[in-house]
Structure formats: C-alpha cells, structure tokens
Amino acid sequence: MKYLIRLAQAYETFRRPEIDALAALAGLEVHVLHYHHDSPFCIVDLPSNDAAKAFISRAILCMSIYEWWGSGGDYEALHASVRTNAFAALAKYRDASFKFAVDSFRGKRTMSKQRELIESFAWFDWQGPIIMHDAEVQMVIFEDWDRGPTSAKGPPDPKMLHLGRWLGSGLRDAILTYDLKKRKYISRTSMDAELSLVTALLTLAAPGKIIYDPFVGTGSFAVTAAFFGSKVFGSDIDARSIRGVPDCNLLTNFVQYQSQHNFLDSFISDLVHTPLRRAQILDGIICDPPYGIREGPKTLGYREGKTAAPVTIDDIPAHMRDGWVPPKRPYGFDDMMQDVLDFGFDMLVDHGRLSVWMPTANDEDSDLPVPSHPGLAIISICTQHFNKWSRRLLTYRRLPHSEIDLAQINVVRSERAKGSANDVNRFRKKYFEGFRT
Amino acid sequence: MRLLTHNMLSSNIKGVANGFPLRIEVEKVVEKQVELSADFLRNLFPKIEWKALVDAARTMGYAELAEEVDSSMLDSNEFLNKFHHALLELHLEEGALVCPETGRRFPVNKGIPNMLLHEDEV
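Residues numbered from 1 in each chain as written. Chains lettered and ligands numbered in written order. Predicted model: local features only at pLDDT ≥ 70, side-chain atom pairs only at ≥ 80, totals over all residues. Heavy atoms only, no water.

1. Focus on the overall build of chain B
Broken down by element type, chain B carries four helices and four strands. Counting the 122 residues in chain B, one finds 56% classified as buried. Of all intrachain contacts in chain B linking residues separated by at least 6 positions in sequence, the fraction that spans at least 24 positions is 68%. Entry remark: accessible area of chain B is about 5,500 Å², with carbon and sulfur atoms responsible for 44%. (Helix = DSSP H or I, 4+ residues; strand = E, 2+ residues; numbered from the N terminus. Buried < 20%, exposed > 50% of the residue type's maximum accessible area, 1.4 Å probe, protein only. Contact = heavy atoms within 4.5 Å. Areas by Shrake-Rupley, 256 points an atom, 1.4 Å probe, with all protein chains shown as cover.)

Here it is as structure tokens:
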C-alpha cells in the first residue's frame, strides 16, 4: 500500500538512510516510490497501516506518515486521483469526526483560500462532525511549490499536490528535549541534538541492544542511543571528560533525561590500545572521533625522540593515580579511521552497525576517500555542510563470516602492521599529524 | 563498574598473552537496583564468559550463580533475576582490576576503571 511521508526539509542526505533504518528497526521492507531531495513529500510502499505506524514511531527526520489517497499536478488531477484510489475509503468514514488541513511547502495560502481548497472536497459527502482536536479522520492537503526566482513573486501554482490521511508522527519533540542549550554537561565537541538522534537511529539503537562509544566525551551519542532504549557504555582517553565534576558529569546527563537505567558504565582508555576483549559483543558502535578541528587525534605515547621512565609520587606510580593526564602523541587521521573500522570488525555482532563521523573538505579535489574494510559493508554516507568544510556520517554493517574473505583481512592487517598502507596518502597524513617529522 | 564491564575488559599490556579475566581487588562494593530487561539479558547471555562472571560475583560477595549454565535457563525467572543482579546491580565502587599475568593494577575510583597504559607498556 502507498503511504506519504512528510519529511523535514533539512539534512537531506540523512533522510533516505533514516527511512531504511526505520524499516530495519520495525522489521519491514520499504520501497521508496517517489523521493526528491528538494521536496519534503516522499511516497513509499509499506505492507499495512500498522506497519506504517510502527515505521514512524522512532522517526526524527520523518515527521509524520499518511495513508496516501491521491496525487496530481493540479487540483483537477488530484480530485481525479482521489476518486480512483480512495473511493472505497470515503464511505468508510462517512459518519466519523474529521478535519482537513493544508500543508503548503514553500507556498503561502490565505485563510479564505485554504477554506476554498478544503471545501473543494465537499463531494466526499461526509456527515460526521468537524472537530479540530483529535478528530477520528485527519486529512491533509499537501502542496509542493517550486522555489521561484528571488526577484519575482514566485510561481502562481504549486507543482505537485497530494492528499493523505494522518496515521502517526515521529519523535521530533526529542530534538527540543535533547537541546544542547538545556543539557547540563557539554563540551565544545558535543554534537547537536537532531544529528545525535539521527546518528543513533542509523546505528539501529533499540531496546535489548548494547551500544558503545569509544570517544564518549560528554555523551552526545550515548544519551540519544539510550533515548531509543539501548543500553550504552563509553570510554575516553581523557579522564577529565569521563569524570566531569560531582554534579556535572556523564551520569548526570542520563539522570537529566531519566535514562540512567540505560547507562551501563564508562572507563578511561585509548581506542588504539583498547582493553575490551576482542569478541563479537556489541550491537552497535557510534562515534565522532577527534579529527583536529576542535580536538586533535591522539593516542598514548610521546612524540618521537622523547621517552620517560615511570614517575612515582608518594609510592604510587603517577600513571595509576586518579587525575593522571597521560602523554599523548598526535596520531594520523587515516590510521585512526582504520583502527576504528578494524575495532568494529572485531567487536560487532554479525550485521551490527558502526556509525562514525569524519571531516572532509568542500573542495571536491581534496575530498577524503571513504575508508573501507574487507569485513564491513558501507551502508550510507550522509553529509553535513559547513561554511568551508563538511563532515560525513559513515555507517557500516559488519559482514557475517560467510560473506568475508578472511585471507583479505589478514593481508590488510599485516600491511597495516608494516605501516605501508597509508603511504599513498603521505601529504594528508602529515597534514593531520601537524607536519611532524 | 558493573560485572558486565568486568566481563568485557582485559589487560592489553604489550606481551601479555592472556589478560582475561582481570582479578578484582575489592575496597568498596555498592548495590544499585535497576529494572530488569529480559531481552537485554537474552542478548548478552551468549556473549558472557560465564566462569569469569561467577568468580567475579563471588569476589564481590555474591555466590548465587550456578557454575554450569545453558541457554534453556533463560526461560526461568529465578535464573534471570540472579543473572541480572550479578551482571548489572553489583558495582565495584573502589578497588582495582589486576592483570592475571603481570599483576599490574588498574585502579577503579568512584566506579570508573582507569585502563590507560604507561608508555612503556604499549
């Protein structure tokens, strides 16, 4: 059956991956019949109304879903389409309470014009009362307008019209709940609420699952993954960000959102020297690694040429004391991405998801390539644009052993051990390492 | 730190062949009740190193877990309650995790393990 999804007209490249993730989470197959990046109206095929309601129940960028009754290039065509597609439904709602609304994207209609458009559907001959709140049948007329030339008044008529019956809405209120301005514990690298929520969705965060953030910081992704019901834990190389201060730390963020039952633990560690035992334990990995714009990539150790013997303070080795700030050396971004992917391959269950953010330049010639791993399939590449650069959310699926060439994984690992894998990328590697020699 | 986290952590010091499970040095244990999720426990069960969990729970003062288990026991509420309590409700608040091979201590302060290695350990 056909359904119309009313999308947010924002973060366009994240929208289709969200549609796929929502279907995967609800255990459904979705077929996208009509989608355009410049339109907030998308028509999909789903098995039933119940399926559509399950589909929308976790949505962020998909605002609402409607039973599709018809579409047309003008009102005459729309009426004809409704007559053909939804004629049987008209009698079904003959005595139900109902209301109509007009949703004009990029267009404006006066109240009297809206009324005229709504009254053009009087031929439905519905006898039930018209009520504005919680009507049994809520119809929406959707108008899709072209962007007119900026100097003129815009086109005289919308380019496309749809009619739908409301079935359900998603979780967009969560964007306000998780607004960074209202969150107690944040840092300069906290990710905004809407994208944190979408990232958790693409990782398929859901009840019963365990999700890990190896660069947890102040927990932007941990709190949103917990919002979707999964249990989360995280680690960070920076003990100060893990511990925070007594009334303002990772745990207090979960307390603020009343989701502390979904927060497992946090610990202090370095992804490169991860203390997690290598086994397929995790359902999802979600992270925004430091990439040198606000926080630089770092791993344990000294810059080359420097070494130090362990220092003891009051008979306790300094590096085991609380509050120890370890020496960190700059760390190549390509190397870090490969470490993240290899970690994901080792730790994710079959078909588990890894969602990782990485930066890229806006200039196409210097775009960073999408890192790959023989044990992971890339699911989606979403882009958020800034003024002079952009960042991408890469989502991978862990392949089951039956689909992996293990010999190829050993080749990749031994090449990385030799340090030759990134030599082709020498300039970029040096750039991200701050040109150290 | 819960025993679920203990069950996933190992000593990764350079040269250590088998850093799992870490021995627990207890200074302070706290119990915090949390809602039981049977789906989560069923998902986690096959991923848990059972003997390590039984031994860790005993070290923390909880000896109710059976030594031998199989997945059919997940249908029993009594078993789920015990598994849940051991895995998620016992917290090592103060103490240390100790590498079984080298004896290196990883301190646990305010429930947070510090697994960072020194430069000459990596």
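2. Things to note about the overall build of chain A
Scanning chain A from terminus to terminus reveals 12 helices and 18 strands. Every one of the 437 residues in chain A was classed for burial, and the buried ones make up 55%. For chain A, the share of sequence-separated contacts (at least 6 apart) that also reach a separation of at least 24 residues comes to 73%. Working note: accessible area of chain A is about 19,900 Å², and carbon and sulfur atoms make up 52% of it.

3. A look at the sheet that holds strand S1 (residues 23-31) of chain B
Residue and element names in this part refer to chain B. Across the sheet, which stays open at both edges, the four strands sit in the order S1-S2-S3-S4 with antiparallel pairing between neighbours. Each of the sheet's edge strands pairs with one partner strand only, and the pair in question is S1 and strand S4 (112-113). Here strand S2 (residues 90-98) runs beside strand S3 (residues 105-109); their pairing, made up of four bridges, is antiparallel. Paired with Leu-97 across the strands is Phe-106, a residue of S3. Against the sheet, helix H4 (residues 77-89) contacts S1 and S2, and its axis sits at roughly 60 degrees relative to S2. (Pairing = 2+ DSSP bridges. Axes fitted to C-alpha atoms, helices over the stretch in contact; angles between N-to-C directions.)

4. Considerations on the interface of chain A and chain B
Taken residue by residue, the interface counts 39 residues in chain A and 35 residues in chain B. The contact between chain A and chain B buries some 3,300 Å² in all, and 60% of this surface belongs to carbon and sulfur atoms. Taken together, the links from chain A to chain B amount to two salt bridges. Residue Lys47(B) is joined to Asp283(A) by a salt bridge in which the shortest nitrogen-to-oxygen separation is 3.6 Å. For the pair chain A and chain B, the number of links is 16 residue pairs in polar contact (both at pLDDT 80 or more). Secondary structure elements with two or more residues in the side of chain A that touches chain B: strand S9 (231-236), helix H8 (239-243) and strand S10 (263-268) of chain A. In terms of residues, the side of chain A that touches chain B owes the most to one element, S10(A), which gives six residues. (Buried area = accessible area lost by both parts, 1.4 Å probe. Salt bridge = Lys/Arg side-chain N within 4 Å of Asp/Glu carboxyl O. Polar contact = N/O pair within 3.5 Å; in protein donor to acceptor, adjacent residues only side chain to side chain.)

5. Some words on helix H3 (residues 50-59) of chain B
Residue and element names in this part refer to chain B. The complete set of buried residues in H3 reads Trp-50, Ala-52, Leu-53, Val-54, Ala-56 and Ala-57. Close packing links the buried residues of H3 with helix H1 (3-8), S1 and H4. Immediately beyond the C-terminal end of H3, within one or two residues, lies Gly-61, with a positive phi of roughly 95 degrees.

6. Overview of the side chain of Ser196(A)
Residues and elements named next belong to chain A. Position of Ser-196 relative to the elements: it lies in helix H6 (residues 193-202). On the basis of relative accessible area, Ser-196 is assigned to the buried category, the value being 0%. The residues touching Ser-196, leaving out its near neighbours within four places in the chain, are Met-191, Ser-220, Phe-221 and Thr-224.

7. Overview of the environment of Ile210(A)
Structurally, Ile210(A) is set in strand S8 (residues 210-213). Considering only alpha carbons, one finds Ile210(A) and Phe233(A), 23 residues apart in sequence, at a separation of 7.9 Å.

8. What to know about the environment of Arg94(A)
Residue and element names in this part refer to chain A. The topology assignment puts Arg-94 in the loop between helix H3 (75-92) and strand S5 (98-105). In this structure Arg-94 comes out as partly exposed when scored by relative accessible area, which is 40%. Leaving out residues up to four positions away in the same chain, Arg-94 has contacts with Asp-125, Trp-126, Gln-127 and Gly-128. In this structure the side chain of Arg-94 is engaged in a polar contact, spanning 3.3 Å, whose partner is the side chain of Asp-95.

9. Some thoughts on the environment of Met358(A)
Position of Met358(A) relative to the elements: it lies in strand S16 (residues 348-361). The exposure class of Met358(A) is buried, given its relative accessible area of 2%.

10. Brief notes about the pairing of strand S2 (residues 31-34) of chain A
Residue and element names in this part refer to chain A. Sheet topology places S2 next to strand S3 (residues 41-45); three bridges connect them, and they run antiparallel. The partner of His-34 across the bridge, within S3, is Ile-43. Connecting S2 to the next strand, S3, in antiparallel fashion are six residues.

11. With respect to the pairing of strand S6 (residues 137-144) of chain A
Here is the key point about a regular strand: its side chains alternate between the two faces of the sheet. Residue and element names in this part refer to chain A. Most of S6 is tucked away, with eight of its eight residues classed as buried. Taking every second residue as pointing to the same face, both faces of S6 are buried, with Val-137, Met-139, Ile-141 and Glu-143 on one and Gln-138, Val-140, Phe-142 and Asp-144 on the other. Traced from S5 through helix H4 (residues 111-119) to S6, the parallel crossover comes out left-handed. Two elements, S6 and strand S7 (residues 160-169), share six bridges in a ladder whose sense is antiparallel. Note on S7: the bridge partner recorded for Glu-143 is Leu-161. (Right-handed = clockwise from strand over helix to strand, strands pointing away.)

12. What to know about the packing of aromatic side chains
The tally for this structure, following the rule as stated, stands at 30 aromatic pairs over all chains. For the ring pair Tyr212(A) and Phe267(A), a centre distance of 6.3 Å and an interplane angle of 10 degrees mean the geometry is stacked. Pair noted here: Tyr212(A) is in strand S8 and Phe267(A) is in strand S10, with a separation of 55 residues, a long-range link. Both residues of the pair, Tyr212(A) and Phe267(A), belong to the buried class. Ring geometry for Trp50(B) versus Phe83(B): centroids 5.4 Å apart, planes at 55 degrees, classification tilted. Pair noted here: Trp50(B) is in helix H3 and Phe83(B) is in helix H4, with a separation of 33 residues, a long-range link. (Phe/Tyr/Trp six-rings, centres within 6.5 Å; stacked < 30°, edge-to-face > 60°.)

13. Digging into unusual backbone geometry
In this chain, Phe20(B) is followed by Pro21(B) through a cis amide linkage whose omega measures -5 degrees. With respect to the secondary-structure elements, Pro21(B) resides in the loop between H1 and S1. In this structure, Asp125(A) takes a positive phi of about 60 degrees despite not being glycine. As for its position among the elements, Asp125(A) is in the loop between H4 and S6. We note that Asp134(A) has phi near 55 degrees; this positive angle belongs to a residue other than glycine. Counting through the fold element by element, Asp134(A) comes out in the loop between H4 and S6. With a relative accessible area of 70%, Asp134(A) lands in the exposed category.

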